[in-house]
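Each chain is listed here by its residues.
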Amino acid sequence: MQAKITARAIKSLAVETKPYEVVDTELKGFLLRVQPSGRMTFYYSYRNEAKKRKRIKIGQLGPGLSLAQARDEAIRIAGEVNQGKDVQGEKQSRRQAAMDTLEKTLSRFIEQAYEPWATSNLKSAKSSIDRVKYSFPLLLNIPMIEVTVSQLERWRTDKLNEGLKPSTINRCVNSLRAVLTKAVEWEVIEEHPLRKLKALPLASTPKVRYLSESEERRLLDALLQRDDELKEARSRGNEHRRQRCKELMPELSKYAYGDRMTPLVLLSLKTGMRRGELFDLEWHSINLEQKIVTVVAETAKSKKSRHIPLSPTAIEALRNWQKQAPSLSGRVFPSGSGGRLDNVRKSWASILDLAEITDFRWHDMRHDFASKLVMKGVPLNTVRELCGHADLNTTLRYAHLAPDHKADAIALIG
């Protein structure tokens, strides 16, 4: 049957004794297959360059896949098909290659099938794969079908006893789960070994760490002191080079900063951008005239673009950095080699030591941004939009910081 596939239409679908399909009238090729069991699965159907009809499974409707997500994935696949790609054919080739060359061990599957795919499709591929290899060395050389929930339960218990946080443990397990999910999707294994494993419960009120006034003052002073020390060190180094007739390094004394760390920190504090978003930020996304920075969908965690107004402090930091940045095209904060920054852990740790600030991660600057907005009375939904939270529940962790209007309301009745 043909119909526009909507949430209301799906609710009205009856379960029949034989499977049937609903072909969407809005997006060509998008369809929903309804099984006698009640299971509903989305597919995308198309013709390859040889005019042969093919279809690719998008996924089963349920907690892990909504109608909107399935439609977005169908649109993405349609785009690849329009570019001449045989999406299902490529998937079958990957699956066949996996079946032909793997003994179905986790290690070989990662190296020969999952890693090539992840490197091309996932921004966090390397860190995720490294997390699996580092966290689960005893599972790497056994068949994937022999990975059991009980093994993971024991591993989690050991890690909890070692003091690892539940959130960190969940992150490691999720990386492993993602690998096994692809193995199921590519039909290398028939069933997900961890499908019955539930995540460890986290604190109902996640910790919100933000800077006190004195801490923020010490942080800014530490940044200023560090810049002065870097400039002085560069001047001493150039004097040493001059005496030995060596080529001089660019002089820093005429610039505002010793390196990229101060503008990076200031922009993080005043925009709430994630570290990865800052590392990927490009100059064309900054409009100093309109005083706005755009986080593009390709680099945003939510995969949605958002526009953040720039405060006077952020504008000044960017204008100063423009004068000494390696380039005014491409990335705003490139690595020393010109590529993407990997991390700034050592520099950040030294800044915190200098400022005498403890228990404060880089990501906490994002909490600081959101917390300060809420404490100033900014509506939670506005904070959600500025931070790029996927839903309001994430933003609600800051709700307790909002000015207490309840007391004011009670005061009105005397």
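Our structure's up above, just so we're on the same page.
One structure accompanies this document, and this report is about it. In this text the structure is predicted, and so the values were computed from the model without any measurement. (Residues numbered from 1 in each chain as written. Predicted model: local features only at pLDDT ≥ 70, side-chain atom pairs only at ≥ 80, totals over all residues. Heavy atoms only, no water.)

### Some points on the side chain of Thr395
- Along the chain, Thr395 falls in helix H15 (residues 392–395).
- Its relative accessible area of 0% is what places Thr395 among the buried residues.
- Setting aside chain neighbours within four positions, we find Thr395 in contact with Leu380, Val383, Arg384 and His389. (Helix = DSSP H or I, 4+ residues; strand = E, 2+ residues; numbered from the N terminus. Buried < 20%, exposed > 50% of the residue type's maximum accessible area, 1.4 Å probe, protein only. Contact = heavy atoms within 4.5 Å.)

### Focus: the side chain of Asp280
- Relative to the helices and strands, Asp280 is located in helix H10 (residues 275–280).
- Assessed through its relative accessible area of 12%, Asp280 is described here as buried.
- If near-sequence neighbours (up to four positions away) are discounted, Asp280 is found in contact with Lys123, Thr299, Arg331 and Arg340.

### Comments concerning unusual backbone geometry
- Backbone geometry places Glu187, a non-glycine residue, at a positive phi of 60°.
- The phi dihedral of Asp359 falls on the positive side, at around 55°, and the residue is not glycine.
- Relative to the helices and strands, Asp359 is located in the loop between helix H12 (345–355) and helix H13 (364–375).

### Re the pairing of strand S8 (residues 306–309)
- Where burial is concerned, the two faces of S8 differ: the one with Arg306 and Ile308 is buried and the one with His307 and Pro309 is not.
- Across four bridges, strand S7 (residues 292–295) lies against S8 in antiparallel orientation. The residue bridging Ile292 from the neighbouring strand is Pro309, located in S8. (Pairing = 2+ DSSP bridges.)

### Focus on the packing of aromatic side chains
- Counted under the stated rule, the structure contains nine aromatic pairs.
- The interplanar angle of 10° and the centroid separation of 5.4 Å between the aromatic rings of Phe30 and Phe42 together place this pair among those described as stacked. Of this pair, Phe30 sits in strand S3 (residues 30–34) while Phe42 sits in strand S4 (residues 40–47), and the two are 12 residues apart along the sequence.
- Residue classification places Phe42 among the buried residues on the basis of a relative accessible area of 0%.
- By the ring-pair criterion, three or more aromatic residues cluster together here, those being Phe109, Tyr114, Trp117 and Trp186.
- It is Arg55 that lies over the ring of Tyr43; its NZ or CZ is 5.2 Å from the centre. (Phe/Tyr/Trp six-rings, centres within 6.5 Å; stacked < 30°, edge-to-face > 60°. Lys NZ or Arg CZ within 6 Å of the ring centre and 35° of its normal.)

### Some details on the sheet that holds strand S1 (residues 2–3)
- The mixed open sheet is built from five strands, whose spatial order is S1-S2-S3-S4-S5. The sheet is open, and its two borders are formed by S1 and strand S5 (53–60), each paired with just one other strand.

### What to know about the packing of helix H5 (residues 125–135) against helix H7 (residues 166–185)
- Remark: H5 packs on H7, axes separated minimally by 9 Å, with the N-to-C direction vectors making an angle of 105°. Relative to H7, the element H5 lies roughly perpendicular. Packed against H5, whose contacting residues are Ser128, Arg131, Val132 and Ser135, the element H7 presents Arg171, Cys172, Ser175, Leu176 and Val179 at the interface.
- Here the residues of the contact of H5 with H7 sort into four nonpolar, three polar and two charged. (Axes fitted to C-alpha atoms, helices over the stretch in contact; angles between N-to-C directions. Parallel < 35°, antiparallel > 145°, perpendicular 65-115°, else oblique. Nonpolar A, V, L, I, M, F, W, Y, C, P; charged D, E, K, R; others polar.)

### Here's the deal with the nonpolar core
- Leu264, Val265, Ile286, Leu310, Trp348 and Trp362 are the most contacted members of the largest nonpolar core, which has 51 residues in total.
- Listing elements by their share of this core, those giving two or more residues are helix H8 (213–243), helix H9 (261–271), H10, S7, helix H11 (312–322), H12, H13 and helix H14 (380–387).
- Ranked by residues supplied to this core, first place goes to H9 with six residues.
- When sequence neighbours within four positions are dropped, the list of residues in contact with Ile286 reads Leu281, Ile292, Val293, Leu310, Leu318 and Val332.
- Of all hydrophobic cores here, the second largest spans 30 residues; its members include Tyr114, Ala118, Phe136 and Trp155. (Core = buried A, V, L, I, M, F, W, Y, C linked by side-chain atoms within 4.5 Å.)

### Here we look at the pairing of S4
- Taken across its eight residues, S4 has seven buried, putting it largely inside the fold.
- Where S3 lies against S4, five bridges are found, and the strand directions are antiparallel. Bridged to Val34 within S4 is Met40.
- Between S3 and S4, which pair antiparallel in sequence order, lie five residues; one of them, Gly38, sits at a positive phi of approximately 100°.
- As defined by bridge partners, S4 adjoins S5 across seven bridges and the pair is classed as antiparallel. Across the sheet, residue Tyr43 finds its bridge partner in S5, namely Lys57.
- With antiparallel pairing between neighbouring strands as the criterion, S4 and S5 make up a hairpin whose turn holds five residues, including Lys51 at a positive phi of roughly 65°.

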